[in-house]
Amino acid sequence: RAAADYLGGRQEDFALTDSTTQGLALIYNGLTLKSSDEILTTTHDHYVHHESIRLAAERNGASWRRIPLYDASATASVEQMVERLRRAIGQRTRVVGLTWVHSSTGVKLPIHALNQVVADANSHRDERDRVLIVLDAVHGLGNQDQTLDTLGCDFVAAGTHKWIFAPRGTGIIWAPQKNWALIRPTIPTFYA
């Protein structure tokens, strides 16, 4: 309830985790991917995001690739990032993994503009083949004046020890109600 009050959405939209790492792993491990599917991410994402993707792709026989959204953080532009993502999404792309604020450069992604690129790609797809957006939000959570339910992402994972100043070992996964059915449980719950 407290997470929903502070971060937006309904309490049913949240799962509690111990970190961004655990959240990303649970999301990617839970997604049902086919060998014909691709996970697309960026070269700027954190190691644990890349590893969660790699392990999920291996487990499902899917492929994955990384693209640069910009060449240099000082000259990164919304237009450049939008165009690079637009060009990179292919017929096999099933998931796009993004990070809200890159820890390596401090670049804050234009999430709404990138979501529009994915929405445009999805406008020509069947619902079961739509591209999903998985967002690592750890460096934007709590320091951006935006709630998770307004970002437009399909899944968000974040530790809460950075800008919310919660204790280490606390984190969340957020997803709108319709998307929870897309994830196979990895850890059993006592609250179902």
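That block above? That's the structure.
What you see is a predicted model, and the numbers here were worked out from it, not measured in a lab. (Residues numbered from 1 in each chain as written. Predicted model: local features only at pLDDT ≥ 70, side-chain atom pairs only at ≥ 80, totals over all residues. Heavy atoms only, no water.)

For Thr41, the position within the fold is in strand β2 (residues 38-42). Overall, the relative accessible area of 1% leaves Thr41 in the buried class. In this structure the side chain of Thr41 is engaged in a polar contact, spanning 3.0 Å, whose partner is the backbone oxygen of Gly97. Leave out the neighbours within four places in its chain, and Thr41 touches His50, Ile53, Trp64, Arg65, Arg66, Ile67 and Gly97. (Helix = DSSP H or I, 4+ residues; strand = E, 2+ residues; numbered from the N terminus. Buried < 20%, exposed > 50% of the residue type's maximum accessible area, 1.4 Å probe, protein only. Polar contact = N/O pair within 3.5 Å; in protein donor to acceptor, adjacent residues only side chain to side chain. Contact = heavy atoms within 4.5 Å.)

For Asn60, the location among the structural elements is in helix α3 (residues 47-60). Accessibility expressed as a relative area gives 16% for Asn60, which makes it buried. In the structure, Asn60 is positioned 58 residues away from Ala2 in sequence and 35 Å away in space, judged by C-alpha atoms.

The next point concerns the pairing of β2. Most of β2 is tucked away, with five of its five residues classed as buried. Of the pairings in the sheet, the one linking β2 to strand β3 (residues 63-67) comprises five bridges and is parallel in character. Residue pairing in the sheet places Thr41 in a bridge with Arg66 of β3. In this sheet, strand β4 (residues 93-99) lies alongside β2 in parallel orientation, the contact comprising three bridges. Residue pairing for β4: Leu40 is matched across the bridge by Val96. (Pairing = 2+ DSSP bridges.)

Let us now look at helix α5 (residues 111-122). Here α5 contains 12 residues, and its C-alpha end-to-end distance of 16 Å stays within 8% of the 16 Å for a straight helix at 1.5 Å per residue. All of the buried residues along α5 are Ile111, Leu114, Asn115, Val117, Val118 and Asn122. For α5, the angular spread of the buried residues around the axis is 150 degrees, confining them to a single face. In this structure, the buried side of α5 is in contact with α4 (78-88), β4 and β5 (132-136). (Expected span 1.5 Å × (residues − 1). Arc of directions from axis to C-beta.)

Before going further, it helps to examine the nonpolar core. Within soluble globular proteins, side chains that are nonpolar generally end up buried alongside one another. Among the nonpolar cores identified, the biggest contains 35 residues, and Leu69, Leu85, Leu135 and Leu148 are the most heavily contacted of them. Residues contacting Leu148, with those up to four places away along its chain left out, are Leu7, Phe14, Leu141, Val156, Ile172 and Trp174. Core analysis: the second largest hydrophobic core is formed by 20 residues, Leu26, Leu33, Val95 and Val134 among them. (Core = buried A, V, L, I, M, F, W, Y, C linked by side-chain atoms within 4.5 Å.)

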